[in-house]
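Report on the structure
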Amino acid sequence: MGMKAQSVPEVITEIHRWHEVLSNLPPALSEVDAIDRITALEELTSAAAAAQARETLTFDMRRRNREAEEGMTSRKQGKGVGAEIALARKVSRARGSTLLKFSRSLLIDLPHTYSALRTGSISEEKARAVAKETDWLPRDKRRQVDERMADRLAEVGVGRLGNEVRALAQQVDQQAAVAHLEKCIEERAVSVRPAPGNMAYLSALLPMPQAVAVYANLKKSAASLIGTGESGRRTQSQVMADLLVERTTGQECAEAVPTEIHLVMNDDSLVGPGDTPAWLPGVGPLPAGAARKFVAENEASVFLRRLYTRPDDGQLVRMDSRRREFSGLLRRMIVIRDDVCRSPWCDAQIKHADHATAFAAGGDTDWDNASGLCAACNFAKELNGWKHVSSPEKLIVKTPTGHRYETRTKPIDSRAGVGKFEDAAATHTDADTIDESAVKPRRRFQGIDKAHGPPQPRRKTGKVIPDRGASTVEYLFGARFRTFLSTNSAQ
């Protein structure tokens, strides 16, 4: 690789020194100097990406070799490597697996592309484009495309490069190209992800003819409504979006969305002039004013479910279960509390509500031992050498290399515990052990029972006696909320 072998501590020290130099670099004194620095830093970024790819492959190979020497079957070797890469690079589990696959392709199958990246001739984005457009080819054909495209890598943009690589790949192996297209059809899917401005992207991956047909139909229907004056001053794009919602949900109008509100917005924001945003679990914040308007003006059914929080730190209260699986309201509370996958830097949707300490190892099916995780992160924690330690306030993850990562739970009610939630959402240290006492907080409010609600007076039998002096609405939401409902009903 053109570098002398160095001990790990020396290399890490040198990298940290470069980091410090760049962090404290004074601004350029001229326009020419600024452009020269930008060019040099871009080349350095490419070289760093190449080095990361090389070290990723090195870690993968060393892990597999060690596990092979220990007698582990080839099918189980390398399990969890992608998850460890993700934690090291502070990205999601899925992203870590993608980076691992990219590193293998780059160094094993695309030597010319790797060389161009290492010397700074191309960006990491270009290298990814080459890898993506050839990942379905046999290894020998990938190397053939890589060699023939070597002189074009630095000359064209990312989009043009991807098109040329795809065309050449289809040319060198037409049979594999047809098989690849058929496989892509099997991967059709629909997904949703947040967008700025409290919007969301609804994406559909469809075969080209079907996608064109859907778009053309929406466009034609929208044009018809505009032409007959039935669009209500909406633009064509707005009409198309509304038609998409109405046709897929069966609603009479796009705005009438049947809703169950988990009251993850405090009473000040819901029935008063408060400015604390509401929160849509798994999606993100919604301005308090927009949330109030949505509740008041929604023509569909709206259901309300109050989620109780501790007044000192804003965390959701405990709810325990005797079952092995997290289900019902307990699972719903876990999903609302964690929002997205609880693993550090993973933003995937929650698929599993599971035990941090496994049920088979004595872990309880309760609020303290619960974590909302995506499927990949949940499977990864079951591998040898992994350990999760959980509390409602935080999750600590320990990997087989002894590295330790921590993520804190953001309080549901932001009015409480101001200043207690530190900005550092996750930390990374080398530790041989995890202090479980650090994440097992002492129970405050001993009067809170294991049901979802505030403490109630008890008879000697231990059964809860409801407060007969308050209505259900007052008991669950308070008299202030009942006034709010009555006022809006009258209006």
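Bear in mind that the values here come from a model prediction, so they are computed numbers and not experimental data.

**Looking at the pairing of strand 9 (residues 387-391)**
Burial within strand 9 is extensive, with 4 of its 5 residues counted as buried. Here 5 bridges tie strand 9 to strand 10 (residues 394-398), and the two strands are oriented antiparallel to one another. Bridge pairing links S390 to L395 in strand 10.

**What to know about the packing of aromatic side chains**
One pass over the full model with this rule turns up 1 aromatic pair. On the numbers, 5.9 Å between centres and 85° between planes, the contact of W345 with Y405 is edge-to-face. Placement of W345 in the loop between helix 14 (328-338) and strand 7 (352-355) and of Y405 in strand 11 (residues 403-408) is noted, with a sequence separation of 60 residues between them. A residue is classified by how much of its surface remains accessible, and W345, at 25% relative accessible area, is partly exposed. Looking at R128, its charged tip hangs above the ring of F102, at a distance of 4.7 Å from the centre.

**Observations concerning the confidence of the model for the protein**
Of the residues in the protein, 67% have a pLDDT of 70 or more, and the chain-wide mean is 76. Helix 5 (residues 111-118) holds the highest mean pLDDT among the elements of the protein, 96, whereas helix 16 (residues 472-477) holds the lowest, 41. Under a pLDDT of 50 for its full length, residues 1-5 has, in the predicted model, 4 contacts with residues more than four places off or in other chains.

**Here's the deal with unusual backbone geometry**
When glycine is set aside, most residues are seen to have a negative phi, and most peptide bonds are trans. Positive phi values are uncommon outside glycine, yet K90 reaches one of about 60°. Its location among the elements puts K90 in the loop between helix 3 (81-89) and helix 4 (93-109). Located in the positive-phi region is W345, a residue other than glycine, with phi close to 70°.

**Here we look at the pattern of salt bridges**
Following the criterion strictly, the structure yields 23 salt bridges and no others. Ionic pairing is found between D173 and K141, a salt bridge with its closest N-O pair at 3.5 Å. Of this pair, D173 sits in the loop between helix 8 (158-172) and helix 9 (174-186) while K141 is found in helix 7 (residues 139-148), placing the two residues 32 residues apart along the sequence. Across the pair R152 and E155 runs a salt bridge whose closest N-O atoms are separated by 3.4 Å. The exposed category is assigned to E155, whose relative accessible area is 56%. Through salt bridges with shared partners, a single network forms among R152, E155, R160 and E164.

**Regarding the side chain of D109**
Along the chain, D109 turns up in helix 4. On the basis of relative accessibility, which here comes to 6%, the residue D109 falls in the buried class. At a separation of 2.6 Å, a polar atom in the side chain of D109 contacts the side chain of R139. Among the polar contacts listed, one links the side chain of D109 to the side chain of R142, at a separation of 3.3 Å. With residues up to four places along the chain from it excluded, the contact list for D109 reads R104, R139, R142, R143 and D146.

**Some details on the environment of S74**
For S74, the location among the structural elements is in the loop between helix 2 (31-69) and helix 3. Note: C-alpha distance between S74 and R64 (10 residues apart in sequence) is 8.3 Å.

**Topic: the state of the cysteines**
According to the stated counting rule, one finds 0 disulfides in the structure shown. For C341, which is in no disulfide, the shortest distance to another cysteine sulfur is to C346 and amounts to 3.7 Å.

**Let's talk about helix 7**
For helix 7, the full list of buried residues reads R142, V145 and D146. For helix 7, the angular spread of the buried residues around the axis is 100°, confining them to a single face. Exposed positions of helix 7 whose direction lies more than 90 degrees from the buried face are D140 and E147. Those residues of helix 7 hidden inside the fold are in contact with helix 4, helix 5, helix 6 (124-134) and helix 8.

**Considerations on the packing of helix 4 against helix 5**
Two elements in contact, helix 4 and helix 5, have axes separated by 6 Å at closest approach and are oriented at 105°. Accordingly, the angle class assigned to the pair helix 4 and helix 5 is roughly perpendicular. Contact residues: helix 4 offers L106, L107 and D109, while helix 5 offers P111, T113, Y114 and L117. Looking at side-chain class alone, the contact of helix 4 with helix 5 contains 5 nonpolar, 1 polar and 1 charged residues.

**Describing the environment of E125**
By secondary structure assignment, the location of E125 is in helix 6. Judged by relative accessible area, E125 falls into the exposed class, the value being 52%. Sequence separation of E125 and V158 is 33 residues, and the distance between their C-alpha atoms is 7.2 Å.

Here is what the cut-offs are and how they apply
- Residue numbers here run from 1 along each chain, matching the order of that chain's written sequence.
- Confidence filtering applies because this is a predicted model: local features only for residues at pLDDT of at least 70, side-chain atom pairs given and counted only at 80 or more, and all residues used for totals across whole chains, interfaces and linings.
- By convention in this description, side-chain values take in all heavy atoms of the structure and omit both hydrogens and water.
- Each residue is assigned to one of three classes by its accessible area relative to the maximum for its type, calculated with a 1.4 Å probe on protein chains only: buried under 20%, partly exposed between the two thresholds, exposed over 50%.
- Comment: elements are numbered from the N terminus, with helices defined as DSSP H or I runs of at least four residues and strands as E runs of at least two.
- Should DSSP find at least two bridges between two strands, the strands are taken to pair.
- Aromatic contacts are taken between Phe, Tyr and Trp rings whose centres are within 6.5 Å, Trp giving its six-membered ring; a plane angle under 30 degrees counts as stacked, one over 60 as edge-to-face, and the others as tilted.
- Charge-over-ring placement is defined geometrically: NZ (Lys) or CZ (Arg) within 6 Å of the ring centre, and within 35 degrees of the ring normal.
- Confidence of the predictor in every single residue is expressed as pLDDT, which spans 0 to 100.
- Note on contacts: a residue pair is in contact if any heavy atoms of the two residues lie within 4.5 Å.
- Only one rule defines a salt bridge in this text: a Lys or Arg side-chain nitrogen within 4 Å of an Asp or Glu carboxyl oxygen.
- The definition of a polar contact used here is a pair of N or O atoms within 3.5 Å, where within protein one atom must be able to donate a hydrogen and the other to accept one, and adjacent residues in sequence count solely through side-chain atom pairs.
- We call a pair of cysteine sulfur atoms a disulfide whenever their separation is within 2.5 Å.
- Here the arc refers to the directions that run from the helix axis out to each C-beta atom.
- Whenever a helix is involved, its axis is fitted only over the stretch in contact; in every case the axis is a line through C-alpha atoms, and angles between N-to-C directions fall within 0 to 180 degrees.
- Oblique is the label for any angle not under 35 degrees, not over 145, and not in the 65 to 115 range, which are roughly parallel, roughly antiparallel and roughly perpendicular in turn.
- Gly is put with the polar residues, along with every residue not named as nonpolar or charged; the nonpolar set is Ala, Val, Leu, Ile, Met, Phe, Trp, Tyr, Cys and Pro, and the charged set is Asp, Glu, Lys and Arg.

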